[in-house]
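Understanding the architecture of this molecule
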Amino acid sequence: MDLIPFLGRFHVVALHLPIGILALTAGLEIYFGTSRRHNRLEFLGNLWLVGTLAAFVTSGLGYLLSLSGGYNEDAVTLHLIWGVATTFIALIGWVAFGLTDRRTRAWTLGIGSAQLLSLSFAGHLGGNLTHGPEYLFEHAPNPVRTLAGFPPRTDPRPAITTLDDADVFLDVVQPLLELRCTSCHNPSKTKGDLLLDTYAHIMKGGESGPAVSPGDLAASELSVRINLDPAHDDFMPSGGKTPLTAAQTKVLDWWIQSGAPASGLLGTLSLTPEIHTLLSEVLHQKAPAPEAPPASESVPPSLTSDTIMQLESLGFDVRQLSLTNPNLVIDYYRVDSAAIPDAKLQALLVARDQLRQLNLGNSGLTDNQLAIVAQLTQLTRLSIDRNPITDAGIARLHPLVNLETLVAHSTAVSNGALDVLDQLPALTKAYLWGSAVTNVDRPYLILGPAPATLKPPEK
């Protein structure tokens, strides 16, 4: 029943009310109970009642939230026990101070201190469920971590200085998963019985099947989920959390397609230029800048800042090829279920002279809209992957005489489009895996991501 998880999620909203009221009330009771200079405020009895009711409602909502599953059962039980204890102590406080007027020093110290301790423990355990058991002590000195029952903190991995020195799992894959995935898939919060905090757990998978099936994207639930439409119920990360970028998604797919290696320096792997660029972006390493255009080449004037801002307001990411080359790279990322409208594509025509690389992957692009794209005749790279594109759409691209790379995998394109691609004079690469194109003899045709293989040892 949807009503239970709907109500349960209000626990994280309601919990702040009893924490604030009961902490304030308990603190004031201790103060007035131990001070001889001030008289106790009469309304404290009413505050105990309000705090008790708020704690009762919050505990009930927390129980409903626990029924949705996805949390460590022992951690949930312990948090629930302390939540109930907090409510019970608040009830005692109301009876003692609001009804029977037991205002002795012993009562105020005992009940007030017990209330503050139970609030602290309940809040700490709730934070563990949300952020993981080490959240509070993550940055604590090692002696404090040891007293709290955690292992000493290890030194972080050294910062990557060159791409070749990065480990494929420890420096690339694991940080991406920690950034966007492990908040819901950690030992304290195992959504779908899936843990993504270690390589072994990733390979084990969850209730929906293998998270990663090395070499097979379609059988890897991780790849399937992160490539869904963001509006899809199964898209990950869920709940409106910030998704992986297009580059991060492609890097994870490349890792899976390459056999999901558990280790290995990138310098020992054979990387395609495209993957090298993506890894440089993901690891924030400066990739080799494209060569500046020859002096004899006529370079069109840069777009004004107002024009760039207008494009970015439409959902486009606009950047220059390099500091010395004003020509543009534009990416479009769909953030909801709506397909890209014609008006947004028409807006790109203002940059037709400067635009060299355009990414419209997974944007809902149609065959008819490719007629607009074909007006961007200076394009050297076009990505239209994961769209409902057919041979009819590819036929509209014949004006792109400067196109060198076409990324159109995971579309409905078939061998019928090859006759059109044969006529593009500059085309050197066409990525068409996941389509209906068969393994025909075309020098530009690429029907699968190039797997990363270890270089043979030097003799």
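Residues numbered from 1 in each chain as written. Predicted model: local features only at pLDDT ≥ 70, side-chain atom pairs only at ≥ 80, totals over all residues. Heavy atoms only, no water.

Considering the pattern of salt bridges
Short version of the rule: Only one rule defines a salt bridge in this text: a Lys or Arg side-chain nitrogen within 4 Å of an Asp or Glu carboxyl oxygen. Helix numbers and strand numbers start at the N terminus; a helix is a DSSP run of H or I with at least 4 residues, a strand a run of E with at least 2.
Under the counting rule described, the total for this entry stands at seven salt bridges. Across the pair Glu274 and Arg381 runs a salt bridge, and its minimum N-O distance is 3.0 Å. Of the two residues, Glu274 sits in helix 12 (residues 273-282) while Arg381 sits in strand 6 (residues 381-383), which places them 107 residues apart along the sequence. When salt bridges that share partners are traced, they join Asp317, Arg319 and Asp331 into one network.

Quick look at the nonpolar core
Here is the rule we go by: Here the nonpolar core consists of buried residues drawn from Ala, Val, Leu, Ile, Met, Phe, Trp, Tyr and Cys, with membership extended through side-chain atoms lying within 4.5 Å. Summary of the burial criterion: residues with accessible area below 20% of their type's maximum are buried, those above 50% are exposed, and those between are partly exposed, where the area comes from a 1.4 Å probe applied to protein chains only. The contact criterion used is simple: two residues touch if any of their non-hydrogen atoms lie within 4.5 Å.
Counting residues in hydrophobic clusters, the biggest one holds 42 residues, and the most contacted among them are Leu358, Leu382, Ile394, Leu406 and Leu421. Broken down by secondary-structure element, the contributors of at least two residues to this core are strand 3 (316-320), strand 4 (328-332), strand 5 (355-359), helix 15 (370-373) and helix 17 (418-422). Residue contacts for Leu421: discarding those within four places in its chain leaves Ile394, Leu406, Leu427, Ala430, Leu432 and Tyr444. Judged by nonpolar contacts, the second largest core, of 31 residues, contains Leu244, Ile256, Ile275 and Leu283.

Section: the packing of aromatic side chains
Basically, it comes down to this: Planes of paired rings set the category: under 30 degrees apart is stacked, over 60 is edge-to-face and the rest tilted, where pairs are Phe, Tyr or Trp rings (Trp by its six-membered ring) whose centres lie within 6.5 Å.
Counted by the stated rule, this structure contains nine aromatic pairs. Judged by centre distance (4.8 Å) and plane angle (25 degrees), the rings of Trp82 and Phe121 are stacked. Here Trp82, found in helix 5 (residues 73-99), pairs with Phe121, found in helix 6 (residues 105-131); they are 39 residues apart in sequence, far enough to count as distant. Owing to a relative accessible area of 27%, Trp82 belongs among the partly exposed residues under this scheme. Exposure remark for Phe121: the relative accessible area of 40% places this residue in the partly exposed category. Ring plane angle 75 degrees and centroid distance 6.4 Å describe the contact between Tyr199 and Trp255, whose orientation is recorded as edge-to-face. Taken as a pair, Tyr199 in helix 9 (residues 199-204) and Trp255 in helix 11 (residues 246-257) lie far apart in primary sequence, 56 residues in all.

Some words on the sheet that holds strand 9 (residues 445-446)
Selection criterion: Note on pairing: DSSP must find at least two bridges between two strands before they are called paired.
Taken in spatial order, the seven strands line up as 3-4-5-6-7-8-9 in an open sheet, and their pairing is mixed. Two strands bound the open sheet, and with one partner strand each, they are strand 3 and strand 9. Sheet topology places strand 4 next to strand 5; four bridges connect them, and they run parallel. For Val329, the partnering residue across the bridge sits in strand 5 and is Gln357.

A closer look at the environment of Asp391
Among the structural elements, Asp391 can be located in helix 16 (residues 391-394). In this structure the C-alpha to C-alpha distance between Asp391 and Ser414, which are 23 residues apart in sequence, comes to 6.4 Å. Contacts of Asp391, omitting those with residues within four sequence positions, involve Ala412, Val413, Ser414, Gly416 and Ala417.

Describing a nonpolar patch on the surface
Filter applied, for reference: Candidate patch residues must exceed 30% relative accessible area and have no salt bridge, after which like charges are joined if within 9 Å and Val, Leu, Ile, Met, Phe, Trp or Tyr side chains if within 5 Å. Under the convention used here, a 1.4 Å probe and the Shrake-Rupley method define accessible areas, while residue burial counts only the protein chains that appear.
Taken together, the side chains of Leu3, Phe6, Leu7, Phe10, Val12 and Val13 make up a nonpolar region of the molecular surface, amounting to roughly 540 Å² of accessible area. Looking at the nonpolar patch, the elements that each hand over two or more residues are helix 1 (3-8) and helix 2 (11-14). At three residues, the largest contribution of residues to the nonpolar patch is made by helix 1. Within the secondary structure layout, Val13 lies in helix 2.

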